[in-house]
Amino acid sequence: MTINPRLYPLLATIGIFVVGYAICYLQFPAMLSTRVIGNLLTDNAYLGIVAVGMTVVILSGGIDLSVGAVIAFSGVFIAVLLRDTGLHPIVVFALLLVLTSAFGAAMGWLIHALAMPAFIVTLAGMFLARGAAYMLTIESVAINHPFIVTLQNAYWLMPGRGRLTLIGILMLLAVVAGVLIAHRTRFGASVFAIGGGEQTARLMGVDIGRTTILIYAFSGLMAGLSGIVFAIYTGSGYPLATVGVELTAIAAVVIGGTLLTGGAGYVVGTLFGVLTMGLIQTYIVFDGTLSSWWTRIVIGLLLLAFILLQRGLLKLTAFGDARA
Amino acid sequence: MMKTLLTGAALLALTATASAQTVGFSQIGSESGWRAAETTLTRQQAEERGYTLQFSDAQQRQENQIAAIRSFIAQDVDAILLAPVVATGWDSVLQEAKEAEIPVVLLDRQVDSSDDLYLTAVGSDLVHEGRVAGEWLVGDVGDADCRIVELQGTTGSSPAIDRANGFREAIEGHANLEIVRSQTGDFTRSGGKQVMESFLQAEGGGAEICALYAHNDDMAIGAIQAIKEAGLRPGEDIRVVSIDAVPDIFQAMAAGEANATVELTPNMAGPAFDALEAFWADGTMPEKFIQTDSRLYTQADDPAGEYEARKDLGY
């Protein structure tokens, strides 16, 4: 049986997660409980959702640095609107998702129409969104709406007293949606084509402008959704929240086995990237004596390992192709 | 795979038993010398009493603190100490701890959740600290006009809000004292220095500033640097009053560069552990707020001696 070399990064990601979990279990048996599994999903729900959007962007060879600021903006937007108006949270959520999608679409349009690097346009977007959050409030605003409290307390108690929360389930659904969109739709095929090279994509008849706008709109939508989840998670909106989350999301995508230059990768790998990062964090809390900065150090090492792995695979596939 | 996970979890639920006292401590970070001392003293207190301390540094992020508390609950610790980074957003995780019957003690900062979600809070009265600082300045200035600049703490945090309010209460009714500029220096030395530089530029090179009120000593120390670089004498041309009483501010006071500081004791864990021991022994419920002292130190209180007494506390 031969395995497609393109699957290696994905298998490596899943392998690292399973081996990592086994090591944690050997040292702290309490880590293999539904509580810890439930916590992994709940605590990383916002990151997982935003990383799905980031995966699609990176698959197309782009980058979206605005998402962390968009999450903070979303939390503040929800908190302030619920405090100052009588709108129902569902209406506020809908408004927010339209707003963040449009924001993403506008960035996508700029990137395409002005042929600007995504890095610069989304960097501007990052400052814009963070600034807008500060315009709304400079304090942390509590969300006390009964509907949000209901959402916060919505969970299914698993055997072993672990909680599978609504936001954890939402994250898994976002991953499923991401998988279907990236791997089963025409839009997804166009994303991979652009990631493989714009010139080739054009020859294949991909509408690059439309696809680029949709890619960043999707990332904006996911950032908005992640903002809703983060607001439910913390029960407040805070303009200083989620600083640097865009970089954590990019790291999750790369550890998830997606090629940073675009064109190759799997959305489901990103889920394992996110869970692996959560696992490291949990391990460090369980240990209780390690400095929590080790989380960053281990993530740094994993990133380096994956970049080297990808370089190696590129060489390997090039060699294979030449032989065939 | 999933099946093994679930079987393992079920087994674990059966075998989980209580062991020696384990306390989880979710600390905000190490943004100031005071906080580093709080961490050291908490470790020392835990060691003296024979507890196992699970320490987690949240790097200033609430999401890290929530995740750490959830992990503590999953470990079935006997108590959780929490120094919350912001006041809002703790309801659901505190509720989870309550349902797991794990007492939570808040250290140093408050949350806006209902007070039946935690055992007690240990802290100083932050408004009172601001008031003590303000009262000192009112007395020191006398009848002269005084334009005050204020370095605020992290936006939205309870010490920033309360220390600002307490100070304003103290100077209210004294028309000769006026806060002319107020900005956040984020509780850091570099923040204090940068913001003070802009204050000095905006206020005619600093000649029109009579006093600086900083929400913590670290920002004051950064600001003292900025005042010196602007060619003025801190402590004489511009009065410097701040809060926390870290060793370095005593050094500055000994050198005549700072005027007064209000002590915020870093030993919050001592009273917290006392309350927990009473609770573990026979379920004694402590008061919902255990207040620590807020003592004022000035240049007359032997700052050099105070520095010697504190420098090895781990600041």
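Figured I'd write up the structure that's included with this text. All values reported here derive from a predicted model rather than from experimental measurement. (Residues numbered from 1 in each chain as written. Chains lettered and ligands numbered in written order. Predicted model: local features only at pLDDT ≥ 70, side-chain atom pairs only at ≥ 80, totals over all residues. Heavy atoms only, no water.)

## What about the state of the cysteines?
All names here are of chain B.
Next, step 1: One pass over the structure, following the stated rule, counts one disulfide over all chains.
Next, step 2: Across the disulfide from C146 sits C210; the S-S distance is 1.8 Å. The sign of the S-S torsion, about -80 degrees, decides the handedness of the disulfide formed by C146 and C210: left-handed. Of this pair, C146 sits in strand β6 (residues 146–152) while C210 sits in the loop between α7 (189–202) and β8 (211–214), and the two are 64 residues apart along the sequence.
Next, step 3: Given a relative accessible area of 2%, C146 falls into the buried group. (Disulfide = S-S within 2.5 Å. Helix = DSSP H or I, 4+ residues; strand = E, 2+ residues; numbered from the N terminus. Buried < 20%, exposed > 50% of the residue type's maximum accessible area, 1.4 Å probe, protein only.)

## Quick word on the sheet that holds strand β7 (residues 177–184) of chain B
Residues and elements named next belong to chain B.
Next, step 1: Spatial strand order, β7-β6-β8-β9-β10-β12: six strands in an open sheet with mixed pairing. Of all strands in the sheet, those bounded by a partner on one side alone are β7 and β12 (296–298). Across the sheet, the axes of successive neighbouring strands diverge by a mean angle of 20 degrees, strand direction being ignored.
Next, step 2: Its contacts with the sheet place helix α5 (residues 126–141) against β6, β7, β8, β9 (239–244), β10 (260–263) and β12, and it is angled at close to 160 degrees to β9.
Next, step 3: Set on the sheet, helix α8 (residues 217–229) makes contact with β6, β8, β9 and β10; between it and β9 the angle comes to about 155 degrees. (Pairing = 2+ DSSP bridges. Axes fitted to C-alpha atoms, helices over the stretch in contact; angles between N-to-C directions. Contact = heavy atoms within 4.5 Å.)

## What to know about the packing of helix α5 (residues 89–113) of chain A against helix α11 (residues 208–234) of chain A
All names here are of chain A.
Next, step 1: The interhelical angle for the contact between α5 and α11, taken along N-to-C directions, is 145 degrees, at an axis separation of 7 Å. Seen from above, α5 lies across α11 with right-handed handedness. Contacts between α5 and α11 involve F93, L96, L97, T100, S101, G104, A105, G108, W109, I111 and H112 from the former and I208, G209, T212, I213, Y216, A217, G220, L221, G224, L225 and I228 from the latter.
Next, step 2: Residue composition of the contact of α5 with α11, by class: 13 nonpolar, nine polar and no charged. (Left-handed = near helix turned anticlockwise from the far one by under 90°. Nonpolar A, V, L, I, M, F, W, Y, C, P; charged D, E, K, R; others polar.)

## Some points on a nonpolar patch on the surface
Residues and elements named next belong to chain A.
Next, step 1: Together, W109, L110, L114, M116, F119 and I120 line one region of the surface with nonpolar side chains, adding up to about 570 Å² of accessible area.
Next, step 2: Breaking the nonpolar patch down by element, the ones donating at least two residues are α5 and α6 (118–136).
Next, step 3: Mapped onto the fold, F119 is located in helix α6.
Next, step 4: Given a relative accessible area of 48%, F119 falls into the partly exposed group. (Patch = residues over 30% accessible without salt bridge, like charges linked within 9 Å, V, L, I, M, F, W, Y side chains within 5 Å. Areas by Shrake-Rupley, 256 points an atom, 1.4 Å probe, with all protein chains shown as cover. Salt bridge = Lys/Arg side-chain N within 4 Å of Asp/Glu carboxyl O.)

## Focus on the packing of aromatic side chains
All names here are of chain A.
Next, step 1: The final tally for this structure, using the stated rule, is 13 aromatic pairs over all chains.
Next, step 2: Between F17 and F272 the ring centres are 5.7 Å apart and the planes differ by 70 degrees, which places this aromatic pair in the edge-to-face class. Pair noted here: F17 is in helix α1 (residues 8–27) and F272 is in helix α13 (residues 267–287), with a separation of 255 residues, a long-range link.
Next, step 3: Owing to a relative accessible area of 12%, F17 belongs among the buried residues under this scheme. (Phe/Tyr/Trp six-rings, centres within 6.5 Å; stacked < 30°, edge-to-face > 60°.)

## Observations regarding unusual backbone geometry
Residue and element names in this part refer to chain B.
Next, step 1: Positive phi outside glycine occurs at E101, with the angle close to 60 degrees.
Next, step 2: As for its position among the elements, E101 is in the loop between α4 (91–99) and β4 (104–107).
Next, step 3: Assessed through its relative accessible area of 70%, E101 is described here as exposed.

## Description of the pattern of salt bridges
Next, step 1: Enumeration over the complete set of coordinates arrives at 30 salt bridges over all chains.
Next, step 2: Linking R168 of chain B and E150 of chain B is a salt bridge whose minimum nitrogen-to-oxygen distance equals 2.7 Å. Of this pair, R168 of chain B sits in helix α6 (residues 158–171) while E150 of chain B sits in strand β6, and the two are 18 residues apart along the sequence.
Next, step 3: As a salt-bridge pair, D218 of chain B and R189 of chain B come within 3.0 Å of each other at their nearest N and O atoms. Separated by 29 residues along the polypeptide, D218 of chain B in helix α8 and R189 of chain B in helix α7 bring together distant segments of the chain.
Next, step 4: Taking the relative accessible area as the measure of exposure, D218 of chain B reaches 5% and is therefore buried.
Next, step 5: When its relative accessible area of 36% is taken as the criterion, R189 of chain B is described as partly exposed.
Next, step 6: One continuous salt-bridge network, built from bridges that share partners, spans D43 and R163 of chain A together with R70, E96 and E99 of chain B.

## Things to note about the interface of chain B and chain A
Next, step 1: The interface is formed by 38 residues belonging to chain B together with 42 residues belonging to chain A.
Next, step 2: Regarding the contact of chain B and chain A, the summed buried area is about 3,400 Å², with carbon and sulfur atoms giving 53% of it.
Next, step 3: When residues of chain B are sorted by the area they lose upon contact with chain A, Q59, E63 and R70 of chain B head the list and together hold 16% of the total.
Next, step 4: There are four salt bridges connecting chain B and chain A.
Next, step 5: We note a salt bridge from E96 of chain B to R163 of chain A, for which the minimum N-O separation is 3.8 Å.
Next, step 6: Our count for the chain B to chain A interface comes out at 14 residue pairs in polar contact (both at pLDDT 80 or more).
Next, step 7: At the level of secondary structure, the elements contributing two or more residues to the side of chain B that touches chain A comprise α1 (2–15), β2 (52–57), α3 (62–74) and α4 of chain B.
Next, step 8: Take the side of chain B that touches chain A: its biggest share by element is eleven residues, from α3 of chain B.
Next, step 9: Looking at the side of chain B that touches chain A, its residues break down into 16 nonpolar, 14 polar and eight charged. (Buried area = accessible area lost by both parts, 1.4 Å probe. Polar contact = N/O pair within 3.5 Å; in protein donor to acceptor, adjacent residues only side chain to side chain.)

## Points about empty space enclosed by the protein
Over the atoms a probe the size of a water molecule is rolled, and this reveals where empty space is left.
Residues and elements named next belong to chain B.
Next, step 1: Scanning the entire structure with this criterion turns up two cavities of 30 Å³ or more.
Next, step 2: Space inside the largest cavity adds up to approximately 120 Å³.
Next, step 3: Lining the largest cavity are 13 residues, with W34, R35, R109, R163 and D244 positioned closest to its centre.
Next, step 4: Listing elements by their share of the lining of the largest cavity, those giving two or more residues are α2 (33–48) and α6.
Next, step 5: Its residues assigned to classes, the lining of the largest cavity comprises five nonpolar, two polar and six charged.
Next, step 6: Each of domain 1 (20–124 + 266–292) and domain 2 (126–264 + 298–310) contributes no fewer than three residues to the lining of the largest cavity. (1 Å grid on protein atoms, 1.4 Å probe; cavity = no way out; pocket = protein on both sides within 12 Å on 5 of 7 lines; lining within 4 Å. Points joined across faces, edges and corners; volume = space filled by probe spheres on them. Domains from an automatic or database assignment.)

## Regarding the environment of G196 of chain A
Next, step 1: For G196 of chain A, the position within the fold is in helix α9 (residues 186–196).
Next, step 2: With 66 residues separating them in the primary sequence, G196 of chain A and G262 of chain A have C-alpha atoms 6.4 Å apart.

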